[in-house]
Amino acid sequence: MSPLSARTLASLVRGWREATSAPAYAALADRIRLLILDGRVPLGTRIPAERDLAAQLGVSRTTVSAAYAELRDAGFLDSVRGSGSAARLPARAPVSIDNPQSGYLDFSKAALSATPALADAARAAAAELPAYLGDRGFDPIGLPVLRQAVADRYAARGLPTSPDQIMITIGAQHAIALLARTMLGRGDSALVESPSYPHAFEALRLAGARLIPVSVTTEDGWDEAGLEQAIRRTSPAMGYVMPDFHNPTGRTMSPELRERMLGLAAAQGTTIVSDETMAELTIDRPDNPLPLAAYGPAVLIGSVGKTVWGGVRIGWIRAERQVIQRLTRARSAGDLGTPILEQLVVTNLLEQYDAILDLRRRQLRAGRDYLEVALRSAFPEWRVPRPDGGITSWVNLGEPVSSQLTLAARNEGLLLAAGPRFGIDGAFERFLRIPFGNSPDEMDRAVGALGRAWAALSHGPLADENVLAEVV
Ligand SMILES: Cc1ncc(COP(=O)(O)O)c(C=O)c1O
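The number of helices and strands found in the chain is 15 helices and 15 strands. Along the first, second and third principal axes, the C-alpha atoms of the chain reach 65 × 50 × 45 Å. Long-range pairs, those at least 24 residues apart, make up 75% of the contacts in the chain between residues at least 6 apart in sequence. Entry remark: accessible area of the chain is about 19,000 Å², with carbon and sulfur atoms responsible for 52%. Positive and negative side-chain charges of the chain, numbering 50 and 52 respectively, have mean locations separated by a distance of 5 Å.

Structure, rendered in structure tokens:
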């Protein structure tokens, strides 16, 4: 595992001393602990030498030494002979947060429980399966019926598409990773929004990319000048964007900016990849722009993970035929195809997709409104936005305390993804992403836990520290 530089760690813990009354070593240890727990510092990573980190942070070596000692005692660091310390988790096996036994309320995921239509669609798919059993079952591109259904859906949304422009993938994450490793080489630049979906950062980095951030805010949306400059100046090999219900801000990119961005990208040789996982989760957006490829050349990613269920691992890529062919050839190094039964389930569900989306819209509207009222009355000092689609509220806490609040919320049994999880350099300590796809009862409990955590920021020891938050 590659070592983490003192500079990188210092930027990941940026603001660690602000708004805390804890001793410096304890505040630093807390922030590093959260980085390990939420995956920003992968297990096995060698952390910087005490002296180097102390110099970067402008503190005494004793402070860093005490922080490391605390992390070592709590089981978060291992001494590695001759080469310092490496990140680890305490010996007790991590409890899956999806396991209700863990007792944690999970608000780290922007996702919904399964659509009620799923069970019937699965039964219908099982009845259709025998027709496919004579084949070998390895399907790296997707069943013709599903590729057709996905293509038809694009056409119905205003973007004519033929089935050979579609590859079915194992969810959108698989699509992002496959595109990244097929289109990027070591040292290439990849433009990303900041904040953005953290597992996309990971996939792009794993492919060797250097990330070029462009700001998106709840109030103003995309930094248009910054976006144009970044494309012009760095000619990135790829741009990964979320023009519809951007995760986490919920913003939608205007048709004018879509066109301008794609024109510029084409001129610079940049492939724009549009993650449209959230695109059909409209609540009350006044205008619905077309899928991005209707405005210029773009590769689109879709998924039923947020509309149907995260447990149905089906997504897709829409691209030119030659790109789909290239991806098909590259795919086998990572996986040998998408499960057939799951594809049949989704083919069935796409036949009733409008009704499914209608139900989601009502659910999300109720969830958004409920959370908004609850948060505004419990935390009048926070800025709670009113997104017109998607599943998340990107709340401005008014103070740079997101990591501390996330740690304190754990003590109250609530798992959250801290704001910096969505940045590339430790930014967004003033923000917290709160999903509104949970039930009113869960939201009440979450707001109650947040209230207690807010009142007790960064006091007291952490409970059940090795429960991992796996943000989506
Ligand atoms: C923006 C975005 N892209 C991709 C994904 C991954 O989707 P899937 O579950 O289809 O792999 C998520 C889900 O968490 C997401 O929020």
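More follows now that the structure is in view.
Among the 13 residues in the neighbourhood of the ligand, the closest are listed as Ala172, Asp275, Ser303, Lys306 and Arg313. Here a nitrogen atom of the ligand and a side-chain polar atom of Asp275 are 2.5 Å apart. If you tally residues by element for the shell around the ligand, the top one is helix 7 (residues 171–183), at three residues. Considering only residue class, the shell around the ligand consists of five nonpolar, five polar and three charged.

A few words now on the pattern of salt bridges. The final tally for this structure, using the stated rule, is 27 salt bridges. A salt bridge links Glu412 to Arg452, with the shortest nitrogen-to-oxygen separation between them at 2.8 Å. Note that Glu412 is positioned in the loop between helix 14 (402–411) and strand 14 (414–418) and Arg452 in helix 15 (residues 440–455), a separation of 40 residues in sequence. Owing to a relative accessible area of 28%, Glu412 belongs among the partly exposed residues under this scheme.

Moving on, we come to the domain arrangement of the chain. What the domain assignment reports for the chain is domain 1 (6–87), domain 2 (100–115 + 355–455) and domain 3 (118–351). Placing the centre of domain 2 and that of domain 3 at their C-alpha centroids yields a distance of 25 Å. Facing 29 residues of domain 2, the contacting portion of domain 3 comprises 32 residues. Contact between domain 2 and domain 3 buries roughly 2,700 Å² in total, counting both sides, with carbon and sulfur atoms accounting for 58%. When the area that domain 2 buries against domain 3 is broken down by residue, the three leading residues are Leu357, Asp388 and Ile424, summing to 24%. Inspection of the region where domain 2 meets domain 3 yields four salt bridges. Residues Glu219 and Arg383 are paired through a salt bridge, measuring 3.4 Å at the closest nitrogen-oxygen approach. Residue assignment for the side of domain 2 that touches domain 3 shows that the elements contributing at least two residues are helix 13 (353–378) and strand 13 (392–396).

Between helix 9 (residues 224–234) and helix 10 (residues 255–268), the shortest axis-to-axis distance is 9 Å and the interhelical angle comes to 15 degrees. By the angle between their directions, the pair helix 9 and helix 10 is classed as roughly parallel. The handedness of the crossing between helix 9 and helix 10 is right-handed. Seen from helix 9, the contacting residues are Glu224, Leu227, Glu228, Ile231 and Arg232; seen from helix 10, they are Leu257, Arg260, Met261, Leu264, Ala265 and Gln268. Considered class by class, the residues forming the contact of helix 9 with helix 10 number six nonpolar, one polar and four charged.

So, about helix 6 (residues 144–156). Over its 13 residues, helix 6 runs 18 Å from end to end, which matches the ideal 18 Å to within 8%, given 1.5 Å per residue. Every buried residue of helix 6 is listed here: Leu146, Arg147, Ala149, Val150, Ala151, Arg153 and Tyr154. Positive backbone phi, approximately 105 degrees, marks Gly158, located one or two places after helix 6.

When you line up the elements, Leu211 lands in strand 7 (residues 210–217). Looking at Leu211, the relative accessible area reads 13%, which means it is buried. Residues Leu211 and Asp335, spaced 124 residues apart in sequence, show a C-alpha to C-alpha distance of 26 Å. Ignoring anything within four residues of it in the chain, the contact list for Leu211 reads Ala190, Val192, Phe201, Leu204, Arg205 and Ile424.

Where burial is concerned, most of strand 6 (residues 189–194) is hidden: six out of the six residues are buried. Side chains of strand 6 alternate between two faces, with Ser189, Leu191 and Glu193 and Ala190, Val192 and Ser194 buried alike. Of the strand pairs in this sheet, strand 6 and strand 7 are connected by six bridges, and their pairing is parallel. Residue Ala190 lies in a different strand from strand 7, and its bridge partner there is Leu211.

For Gln229, the location among the structural elements is in helix 9. The exposure class assigned to Gln229 is partly exposed, which follows from its relative accessible area of 40%. Once the C-alpha coordinates of Gln229 and Leu264 are considered, the two residues, 35 residues apart in sequence, prove to be 9.8 Å apart.

The rules behind the values
- Residues numbered from 1 in each chain as written.
- Predicted model: local features only at pLDDT ≥ 70, side-chain atom pairs only at ≥ 80, totals over all residues.
- Heavy atoms only, no water.
- Helix = DSSP H or I, 4+ residues; strand = E, 2+ residues; numbered from the N terminus.
- Contact = heavy atoms within 4.5 Å.
- Areas by Shrake-Rupley, 256 points an atom, 1.4 Å probe, with all protein chains shown as cover.
- Lys, Arg positive; Asp, Glu negative; His and termini not counted.
- Charge placed at Lys NZ, Arg CZ, Asp CG, Glu CD.
- Near = heavy atom within 4 Å.
- Polar contact = N/O pair within 3.5 Å; in protein donor to acceptor, adjacent residues only side chain to side chain.
- Nonpolar A, V, L, I, M, F, W, Y, C, P; charged D, E, K, R; others polar.
- Salt bridge = Lys/Arg side-chain N within 4 Å of Asp/Glu carboxyl O.
- Buried < 20%, exposed > 50% of the residue type's maximum accessible area, 1.4 Å probe, protein only.
- Domains from an automatic or database assignment.
- Buried area = accessible area lost by both parts, 1.4 Å probe.
- Axes fitted to C-alpha atoms, helices over the stretch in contact; angles between N-to-C directions.
- Parallel < 35°, antiparallel > 145°, perpendicular 65-115°, else oblique.
- Left-handed = near helix turned anticlockwise from the far one by under 90°.
- Expected span 1.5 Å × (residues − 1).
- Pairing = 2+ DSSP bridges.

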